[in-house]
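Close look at the chain arrangement
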Number of protein chains: 2
Amino acid sequence: MSLRHGLLGLLAEGPASGYDLSRRFQEVLGALWPAQHPKIYAELGRMVDGGLIDIDSHGPRGRKAYRITEAGRAEVRRWLTQVDVDHTVRLEALLRSYFFWLMEPDDLARHLAREAEFYTEQAAIYRAYAERKDAGEFGSTPQVQSMRITIEGGVRVYEALAEWARWAATYKLPAAADGGAPEDGTANSDDG
Amino acid sequence: MSLRHGLLGLLAEGPASGYDLSRRFQEVLGALWPAQHPKIYAELGRMVDGGLIDIDSHGPRGRKAYRITEAGRAEVRRWLTQVDVDHTVRLEALLRSYFFWLMEPDDLARHLAREAEFYTEQAAIYRAYAERKDAGEFGSTPQVQSMRITIEGGVRVYEALAEWARWAATYKLPAAADGGAPEDGTANSDDG
DNA sequence: ACGGGCATGTAAGCGGTTACATGATTCG
DNA sequence: CGAATCATGTAACCGCTTACATGCCCGT
């Protein structure tokens, strides 16, 4: 249940409304940790009930700003230091790659080209963000330092995937063109 | 709903039981696309109803092997060529990094060290797998070629994360102590 | 006055995890 | 004979997404 802790972490910087939090999640974390507004509003309600946050102020258009409590601060710190990282990743692109052998070579080539393009673009978005940060556009508070690290992670992961897609294009296609016939025959049983 | 297509893809290699599929998902895809057995059995049931697979044979201990049908083959090919890739990623490690500023410097250092270790280990597991493959241990069928690409993706993603964690350790801590540029060499003018 | 963005929510449904439950077979 | 592993499932619950629904306020 990390959305809760993500919200608490953002609120640790200062009061914000559900709408604000939704936007901030989108900005940097959007491609790394998606969070839709219904989930956010629901979670905020639950956290008020649990005493982790409370309502700071009411604004125009029914706006409600939330403020983190001491219990909330303690909870986000507990999460950061005590709770094991959930290392689950779920990359559909890599799942698909397991089944590339079912695709026609030129469908596959097109697919990999599009994939490479997508990841390259994502990496560029993050890199541009990093450059704006390094140019001092956001100041140099501890929060911004942390954000810089997150962004760097985005750059590196997307660059890795972009390079992977380009590598895959050169790996698979020659195998389909030039011989490389399956002369093995014995292979079939599972276990490796 | 990619679990369905993953199962179909594996069944395209030949008949298998739910238990087999569960194990095969674990092996290579375990860290890239988790799939628990209850979900697998449920999905197999639904796919039989939908005519994408049917029961191939009954074995000992109530074992049921499933065989892909023509409709199933068509469906997995449709998925591979027609359906847009779901590019959603969800990396808790990067979400957390956004809140590093809330951590004590030595908690953070310990955290990043453990993270680096974990990702390095994962990368090593995949790299070892890749080497066994490249040594010809699994033959060189098209399926194995595809698997090789998946593995390469695993290596690259985990290596990227490992390097990121190591970079982060050199980036953040000098800022807390007394300045000094990160090894990476990229500009960070506003860095303390 | 009106359109776009601010702002908050509800409800249905899906996909996934965890815990529970059971039994057969093989191997030592 | 007992333990490990094979093998299949159900049920409860959780987290998340999508679609639906509403209304206000600001700028032009």
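Residue indices follow the written sequence of each chain, beginning from 1 at its first position. For this description, chains carry letters from A and ligands carry numbers from 1, given in the order in which they are written. Note on the predicted model: pLDDT of at least 70 is required for a residue's local features to be given, and 80 or more for side-chain atom pairs to be given and counted; whole-chain, interface and lining totals, by contrast, use all residues. Heavy atoms throughout the structure, all of them, feed into the side-chain values; hydrogens and water do not.

If you check an unreviewed UniProt entry, chain A appears there as PadR family transcriptional regulator from Rugosimonospora africana.

**Some points on the interface of chain B and chain A**
Heads up, the condition is: For this analysis, residues touch if any pair of their heavy atoms sits within 4.5 Å. By buried area we mean the combined loss of accessible area, with a 1.4 Å probe, across both parts when two parts are placed together. A side-chain nitrogen of Lys or Arg and a carboxyl oxygen of Asp or Glu constitute a salt bridge if their distance falls within 4 Å. In this description a helix means any DSSP run of H or I spanning at least four residues, a strand means any run of E spanning at least two, and both kinds are numbered starting from the N terminus. Amino acid classes used here: Ala, Val, Leu, Ile, Met, Phe, Trp, Tyr, Cys and Pro are nonpolar; Asp, Glu, Lys and Arg are charged; the rest, including Gly, are polar.
At the interface, 85 residues of chain B touch 83 residues of chain A. Of the roughly 8,000 Å² buried between chain B and chain A on both sides combined, carbon and sulfur atoms contribute 64%. Sorting the residues of chain B by area buried against chain A places Arg96, Tyr98 and Ile149 of chain B first, and these three jointly supply 10% of that buried surface. Linking chain B with chain A are 0 salt bridges, by the criterion used here. When residues of the side of chain B that touches chain A are traced back to their parent elements, those giving at least two are helix 1 (2–11), helix 2 (18–27), helix 4 (70–82), helix 5 (92–97), helix 6 (105–134) and helix 7 (142–177) of chain B. Sorting elements by how many residues they give to the side of chain B that touches chain A places helix 7 of chain B first, with 23 residues. Residues of the side of chain B that touches chain A, tallied by class, amount to 41 nonpolar, 22 polar and 22 charged.

**Quick look at the sheet that holds strand 1 (residues 16–17) of chain A**
Residue and element names in this part refer to chain A. Definition in use: Whether two strands pair depends on DSSP finding at least two bridges between them.
The strand order across the open sheet formed by 3 strands is 1-3-2, and the pairing between neighbours is antiparallel. With partners counted over all chains shown, the strands left at the sheet margins are strand 1 and strand 2 (53–58), one partner each. Where strand 2 lies against strand 3 (residues 64–68), 5 bridges are found, and the strand directions are antiparallel. Looking across to strand 3, one finds that Ile55 is bridged to Tyr66.

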